[in-house]
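Report on the structure
Spelled out, the chains give:
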Amino acid sequence: MTRVAVVRFPGSNCDFDTLRAAERHGAEAYFVWHRDVDLKGADVVILPGGFSYGDYLRSGAIARFSPVMQAVKQHAAAGGPVLGICNGFQILCEAHLLPGALLRNAGLTFVSKPVDVTVERTDTVFTCDYEADARLRLPVAHGEGRYVAPVETLRSLESEGRVVLRYVAATERSPFQSNPNGSANHIAGICNAEGNVVGIMPHPERAADRLLGLTGGSGFFTSLMAWSQEHSTLGATTR
Amino acid sequence: MTFRVHVRVMPRDGLLDPQGQAVEHALTALGFEEAGAVRVGRAIELDVSADSRDQAEARARQMCDKLLANPVTEDYLLQIEEEQ
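Not measured: the values here are computed from a predicted model.

**Some points on the overall build of chain A**
What chain A contains, in helices and strands, is 5 helices and 11 strands. The globule rule puts the C-alpha radius of gyration for 239 residues at 18 Å, and the 16 Å found for chain A is close to it. Its C-alpha atoms give chain A principal-axis dimensions of about 50 × 40 × 40 Å. Counting over 239 residues, chain A shows a buried share of 55%. In chain A, the share of contacts with a sequence separation of at least 24, taken over all contacts with a separation of at least 6, comes to 77%.

Below, the structure is given as structure tokens:
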């Protein structure tokens, strides 16, 4: 059974959606509180969206010091998969598990709408079930989603293929504005050098059930299930 | 000794500051056409107990580097006063 820990901070508000999406795809999902110091045997950790600690100081700045983040760092350092969605992505940047930062949207307004993105990296735990360059329609809902990083960092993200999701340029076929927040290189999601830590601004958990209209986010959960299946088979053969 | 530390955190030069731009537009709309290059940052004040001003400053710098400012996007300035 794939154990998925969904970390709740005071102010998380996508925690139930994320838990439910993981469950619906066959995972054994459970909550971990921000004061917890262990992840209770998690295979995969997800930091959900929301407004942890009221976004005080900067989005994700306080959550980074939560006791549970030590455990998340250890999990990541050992190669364990970590997905940060929206506020989770902001926390991963503040915690230096991912490079760069997420700043106030260029248009200053909170943006809540579907956007089109391309999956540029399909060998991560969270995207391995997508076809290369798959185009997805996923909701975004954020006030601070403008990804920025030093020029050298952007260059290495691009040359190392670490852009996981990118906003698609507006076309006639896509009525949605391409880059909703002014992020550098139209970046919607990135991963670390090892590929096990992924941060994305769009919300796959809100687009993973036909009842909710969009289903393009389902692949994030089928991917982690597929990875986990393969992982446990490999584990079994080496034991 | 107690020192009052004033921290001024500003968006790094060269980074787009949409808040500053919006405030500048509003000032222009109000007739303050002489206003320009507006940038919006954050001010934080705190007391620091230390044996000397240098020690207070060194600790305050650590606080800024670790939490109060984001080194990727922000610069900070410190002003330190000894409290009576």
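Moving on from the model shown.
**A short note on the overall build of chain B**
Assigned secondary structure in chain B consists of 2 helices and 3 strands. Reading the secondary structure of chain B in the N-to-C direction produces β-α-β-α-β. Scaling as 2.2 N^0.38, a compact globule of 84 residues should have a C-alpha radius of gyration of about 12 Å, whereas chain B reaches 16 Å, well beyond that. Principal-axis analysis of the C-alpha atoms gives chain B an extent of 50 × 30 × 15 Å. Of the contacts made within chain B by residues no fewer than 6 positions apart, 70% connect residues no fewer than 24 positions apart.

**Points about the pairing of strand β11 (residues 197-200) of chain A**
Residues and elements named next belong to chain A. Here β11 shows no split at all, with V197 and G199 on one side and V198 and I200 on the other all buried. Pairing between strand β10 (residues 187-191) and β11: 3 bridges, direction antiparallel. Looking across to β11, one finds that I190 is bridged to G199. Adjacent in sequence and paired antiparallel, β10 and β11 are bridged by 5 residues, among which G195 carries a positive phi angle near 85°.

**Section: the interface of chain B and chain A**
In this assembly, 9 residues from chain B lie in contact with 11 residues from chain A. In terms of residue count, helix α1 (residues 18-29) of chain B provides more of the side of chain B that touches chain A than any other element does, 3 residues in total.

**Focus on the nonpolar core**
V4(A), V7(A), V45(A) and L92(A) are the most contacted members of the largest nonpolar core, which totals 73 residues. The greatest single-element share of this core, amounting to 5 residues, is contributed by helix α2 (residues 67-77) of chain A. With 9 residues, the next largest nonpolar core counts F3(B), C64(B), A69(B) and Y76(B) among its residues.

**Re helix α3 (residues 87-94) of chain A**
The periodicity of an α-helix, 3.6 residues per turn, causes residues three or four places apart in sequence to face the same way. All names here are of chain A. When you tally the buried positions in α3, you get 8 out of 8 residues, the bulk of the element. The set of residues buried in α3 consists of N87, G88, F89, Q90, I91, L92, C93 and E94. For α3, the elements touching its buried residues are β3 (44-47), β4 (82-85), β5 (101-103) and β11. Remark: H96 follows α3 within two positions and exhibits a positive phi of approximately 60°.

**Some thoughts on the sheet that holds strand β2 (residues 42-49) of chain B**
Residue and element names in this part refer to chain B. Read across the open sheet, the 3 strands follow the order β2-β1-β3; overall the sheet is antiparallel. A strand with exactly one partner marks an edge of an open sheet, and here the two such strands are β2 and β3 (74-82). Averaged over all adjacent pairs, the angle separating strand axes in this sheet is 20°, with direction ignored. Relative to β2, strand β1 (residues 2-11) is paired through 8 bridges, and the arrangement is antiparallel.

**Overview of the environment of W33(A)**
Along the chain, the position of W33(A) falls in strand β2 (residues 28-33). Through-space distance from the C-alpha of W33(A) to that of P67(A) is 9.3 Å; in sequence the pair is 34 residues apart.

**A word on the confidence of the model for chain B**
Averaged over every residue, the pLDDT of chain B is 95; residues scoring 70 or more account for 100%. Reported confidence for the predicted complex is 0.85 by ipTM and 0.92 by pTM.

**Side note on the sheet that holds β4(A)**
Residue and element names in this part refer to chain A. Taking strand neighbours across the sheet as the criterion, the 9 strands line up as β2-β1-β3-β4-β11-β10-β9-β6-β7 in an open arrangement whose pairing is mixed. Either end of the sheet is taken by a strand with one partner, and the two such strands are β2 and β7 (135-142). Taking the axes of each pair of neighbouring strands and ignoring which way they run, one obtains an average angle of 25° across the sheet. Packing against the sheet, α2 makes contact with β1 (3-8), β2, β3, β4 and β11, and its axis sits at approximately 130° to β4.

The rules behind these values
- Residues numbered from 1 in each chain as written.
- Chains lettered and ligands numbered in written order.
- Predicted model: local features only at pLDDT ≥ 70, side-chain atom pairs only at ≥ 80, totals over all residues.
- Helix = DSSP H or I, 4+ residues; strand = E, 2+ residues; numbered from the N terminus.
- Rg over C-alpha atoms; globule rule 2.2 N^0.38 Å.
- Buried ≥ 20, exposed ≤ 12 C-beta atoms within 10 Å, placed from the backbone.
- Contact = placed C-beta atoms within 7 Å.
- Pairing = 2+ DSSP bridges.
- Core = buried A, V, L, I, M, F, W, Y, C linked by C-beta atoms within 7 Å.
- Axes fitted to C-alpha atoms, helices over the stretch in contact; angles between N-to-C directions.
- pLDDT = per-residue confidence, 0-100.

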